Amino acid sequence: MNEKELLTLGIETSCDETSVAVVRGGREILSNVISSQIEIHKVFGGVVPEIASRHHLDNMNPVIAEALETAGVTFADIDVVGVTKGPGLVGALLIGIASAKAIAYASKKPLVGVHHIHGHICANYLAHPQLEPPFLALVVSGGHTNLIDVKSYDEYEVLGGTRDDAVGEAFDKVARVLGLGYPGGPNVDKLAREGNPAAIPFKRVYLEKDSLDFSFSGIKTAVINYIHTQEQKKEAINPADVAASFQMAVMDVIVDKSIYAARQTGNHKIVMAGGVAANSMLREKMEQAAKNNNMELYYPPLILCTDNAAMIACAAHYRYKAGEVSGLDLDAYPGLKI
Ligand code: KG4
Ligand code: ZN
């Protein structure tokens, strides 16, 4: 089989998106159907795991059918079946895994379980067909904040990560205290555009000198304290200034550490991945920093930043090429390490 013709079906159900995609040669998206449950979970202010699983179950068959139809292929044309094996919500992951196993077994095709975060990084291979490792990856999502030295398609070294909250989690919590609702990140991003990022000097948390780790629980508390203090003093709060100042404090640290990590590892390419890579301030600041340091910057379009199955198909393609195939006893790993 010519590698460029290899067709991979990808399935992603780790959180609240039911997504199925068909990718050719690891790089070309033939279909990428994403059924979001945002409207369903919005009323609860966050994802309710049991409800997410039930909806995955309802959505799975129609989403698979649409992905095949849009790509103009049938199960018989698929060469590899890729699926997210973790991390994520266990009940949600299991729906995707059971579906992928059934397809692989019935059509006698290899099954490849992939790490959700490898998928996020791989979204960049779809968006930038010329991009090749090595590079420094900054993964910023709802569950992860990591700096990773991507040495090859299947060699990843984690350089640092968050010691408490993930950055997306901090966005979601700040959105909640500002009354912006779920999902918080895009709402904070939007509101921040109308605010002054220098209005409130929230502390930048760098941890020990040279550390590539992060901590975001402090800033979340600082935002809550600021709001309470203003309320006690009966002074007005400008939510746009709070959003902009919070965002700037977080992004200053993320950008500085990314550039530092790239220098330390001798990488001149920085690749951003995950839901928070959709953030407009992060994109602007990182563009500027990369330019100032003669580095190349890559990030996916918005639709490939957040959860989708095309990125999972791409990751499965490269895992398969590296000789990795999962058995039909593949399990879900809610806390899977990178
Ligand atoms: O990667 P993702 O879709 O799911 C996980 O694997 O976690 O990331 C979701 C996270 C949420 O916390 C969401 O609030 C955040 O990404 N997010 C953003 C933006 N768009 C999504 N955060 C900041 N600015 C955005 N524009
Ligand atoms: Zn994700």
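First, a word on scope: everything that follows refers to the structure included in this document. All residue numbers here refer to positions counted from 1 along the written sequence of the relevant chain. Starting at A for chains and at 1 for ligands, labels are handed out in the order in which the entities are written. For a predicted model such as this one, the threshold for reporting local features is a pLDDT of at least 70, and the threshold for listing and counting side-chain atom pairs is 80 or more; totals across whole chains, interfaces and linings nevertheless cover every residue. Water and hydrogen atoms were dropped before computing side-chain values, which therefore reflect all heavy atoms in the structure.

1. A closer look at the coordination of the zinc ion (ligand 2)
Item 1. Counted as donors are the N, O and S atoms within 2.8 Å of the metal, or 3.2 Å for Na, K and Ca, while water is not among the atoms, so some sites may look incomplete. Summarising the metal site, the zinc ion (ligand 2) is bound by the protein donors His116 (NE2), His120 (NE2) and Asp307 (OD), whose distances to it range over 2.0 to 2.1 Å.
Item 2. Square planar and octahedral assignments, for four and six donors respectively, both demand that opposite donors be over 155 degrees apart and that all other angles lie between 65 and 115; tetrahedral needs four donors with all angles between 85 and 135 degrees, and anything else is irregular. Taken together, the four donor atoms coordinating the zinc ion (ligand 2) span angles of 95 to 131 degrees at the metal, a pattern that classifies the geometry as tetrahedral.
Item 3. Going along the chain, you hit the donors of the zinc ion (ligand 2) in the pattern H-x3-H-x186-D. Here the residue His120 occupies a position in helix α4 (residues 116-127), and Asp307 occupies one in the loop between α10 (302-305) and α11 (310-321), the gap between them amounting to 187 residues. Of the two residues, His120 and Asp307, neither departs from the other in class, the shared state being buried. Each helix corresponds to a stretch of at least 4 residues labelled H or I by DSSP, and each strand to a stretch of at least 2 residues labelled E; elements are numbered beginning at the N terminus. Only protein chains enter the calculation, and the probe is 1.4 Å; a residue is then buried if its accessible area is under 20% of its type maximum, exposed if over 50%, and partly exposed in between.

2. A few points about helix α3 (residues 90-106)
Item 1. A helix is expected to span 1.5 Å for every residue after the first. If you check α3, its first and last C-alpha atoms are 24 Å apart, about what 17 residues at 1.5 Å a residue would give, namely 24 Å.
Item 2. By the burial criterion, the buried members of α3 are Ala92, Leu93, Ile95, Gly96, Ile97, Ser99, Ala100, Ile103 and Ala104.
Item 3. Contacts are assigned to residue pairs with any non-hydrogen atoms lying within 4.5 Å of each other. In this fold, the buried residues of α3 make contact with β1 (7-12), α2 (49-71), β4 (80-86) and β5 (111-115).
Item 4. Residue Lys108 follows α3 closely and has a positive phi angle near 55 degrees.

3. Considering the pattern of salt bridges
Pairing between side chains of opposite charge can happen when the charged atoms of each approach one another.
Item 1. Note on definitions: salt bridges are taken to be side-chain nitrogens of Lys or Arg within 4 Å of carboxyl oxygens of Asp or Glu. The final tally for this structure, using the stated rule, is 15 salt bridges.
Item 2. Notably, a salt bridge pairs Asp252 with Arg204, separated by 2.9 Å at the nearest N-O pair. Of this pair, Asp252 sits in helix α8 (residues 239-265) while Arg204 sits in the loop between α6 (184-192) and α7 (217-232), and the two are 48 residues apart along the sequence.
Item 3. A cluster of three or more residues bridged by salt bridges with shared partners is formed by Asp165, Glu169, Lys173 and Lys220.

4. Concerning the layout of surface pockets
Where empty space is left in the structure can be found by rolling a water-sized probe over the atoms.
Item 1. Definitions used for this entry: grid spacing 1 Å over protein atoms alone; cavity, a set of points where a 1.4 Å probe fits but cannot get out; pocket, an open set with protein on both sides within 12 Å along at least 5 of 7 lines; lining residue, one with an atom within 4 Å of a point. Grid points are joined across faces, edges and corners, and a volume is the space filled by probe spheres set on the points. Space inside the largest pocket adds up to approximately 1400 Å³.
Item 2. Looking at the lining of the largest pocket, the elements that each hand over two or more residues are β3 (28-36), α4, α5 (167-177), α6 and α10.
Item 3. The element contributing the most residues to the lining of the largest pocket is α5, with seven residues.
Item 4. Volume-wise, the second largest pocket comes out at about 180 Å³.
Item 5. Lining the second largest pocket are Pro87, His115, Gly143, His144, Asn146, Val158, Gly335, Leu336, Lys337 and Ile338.
Item 6. Looking at side-chain class alone, the lining of the second largest pocket contains four nonpolar, five polar and one charged residues. All amino acids are sorted into three groups, where Ala, Val, Leu, Ile, Met, Phe, Trp, Tyr, Cys and Pro are nonpolar, Asp, Glu, Lys and Arg are charged, and the leftover types, Gly among them, are polar.

5. Let's talk about the nonpolar core
Item 1. Nonpolar cores are built from buried Ala, Val, Leu, Ile, Met, Phe, Trp, Tyr and Cys residues. Side-chain atoms within 4.5 Å join them into one set. In terms of nonpolar packing, the biggest core is built from 48 residues, with Phe246 and Ile254 touching the most fellow members.
Item 2. Where this core is concerned, the elements lending two or more residues are β6 (135-140), α5, α6, α7, α8, β9 (269-273) and α9 (280-292).
Item 3. The element contributing the most residues to this core is α8, with 14 residues.
Item 4. Residues in contact with Ile254, not counting those within four places in the same chain, are Leu138, Val140, Val167, Phe214, Phe216 and Leu282.
Item 5. By size, the runner-up hydrophobic cluster in this structure holds 32 residues, among which are Ala123, Leu126, Tyr298 and Leu304.

6. Points about the sheet that holds β5
Item 1. Two strands make a pair as long as DSSP finds a minimum of two bridges between them. Spatially, β3-β2-β1-β4-β5 is the arrangement adopted by the five strands of the open sheet, whose pairing is mixed. Of all strands in the sheet, those with a lone pairing partner are β3 and β5, marking the two edges. Across the sheet, the mean angle separating the axes of adjacent strands is 20 degrees when strand polarity is ignored.
Item 2. Strand direction decides the pairing type here: β1 and strand β2 (residues 17-24), joined by six bridges, are antiparallel. Axis definition: a line fit to C-alpha positions, over the contact stretch in the case of helices; interaxial angles, taken between N-to-C directions, run 0 to 180 degrees.

7. With respect to the state of the cysteines
Item 1. Disulfides are defined as pairs of cysteine sulfur atoms found within 2.5 Å of each other. Using the criterion set out here, one finds zero disulfides in the structure.
Item 2. With no disulfide of its own, Cys15 lies 16 Å from the sulfur of Cys305, the closest cysteine sulfur.
Item 3. Of the residues examined, Cys15 reaches a relative accessible area of 24% and is grouped as partly exposed.
Item 4. Between Cys314, a free cysteine, and Cys122, which holds the nearest cysteine sulfur, the sulfur-to-sulfur gap is 4.2 Å.

8. Section: the site of ligand 1
Item 1. Near residues are defined by distance, with any heavy atom within 4 Å of the molecule or strand qualifying the residue. Near ligand 1 lie 18 residues; those nearest to it are Gly142, Asp172, Gly185, Asp189 and Gly275.
Item 2. Under the rule applied, a polar contact is a pair of N or O atoms within 3.5 Å (in protein, one hydrogen donor and one hydrogen acceptor; residues adjacent in sequence only if both atoms are side-chain atoms). Within the contact set of ligand 1, a nitrogen atom lies 2.9 Å away from a side-chain nitrogen or oxygen of Asp189.
Item 3. A total of 560 Å² of accessible area belongs to ligand 1 in isolation, and the protein chains cover 87% of it.
Item 4. Here the criterion for a molecule occupying a pocket or cavity is that more than half of its atoms lie within 2 Å of the pocket grid points. Most atoms of ligand 1, that is more than half of them, are within 2 Å of grid points of the largest pocket.
Item 5. Breaking the shell around ligand 1 down by element, the ones donating at least two residues are α4, α5 and α6.
Item 6. Its residues placed into classes, the shell around ligand 1 shows four nonpolar, eleven polar and three charged. Here, Shrake-Rupley sampling with a 1.4 Å probe gives the accessible areas, and only protein chains in the shown set may cover a residue.

9. Comments concerning the pairing of β4
Item 1. β4 sits mainly inside the fold: seven of its seven residues count as buried.
Item 2. As judged from the four bridges shared by β1 and β4, these two strands associate in the parallel manner. Directly across from Ile11, in β4, lies its bridge partner Val83.
Item 3. In this structure, β4 lies alongside β5, joined through five bridges in parallel fashion. When the sheet's bridge partners are listed, Gly86 is paired in β5 with His115.
Item 4. Throughout, right-handed denotes a crossover for which the path from the first strand over the helix to the second runs clockwise when the strands point away from the viewer. At this point the chain moves from β4, through α3, to the parallel β5, and the crossover so formed is right-handed.

The values reported here are purely geometric and, on their own, carry no functional implication.
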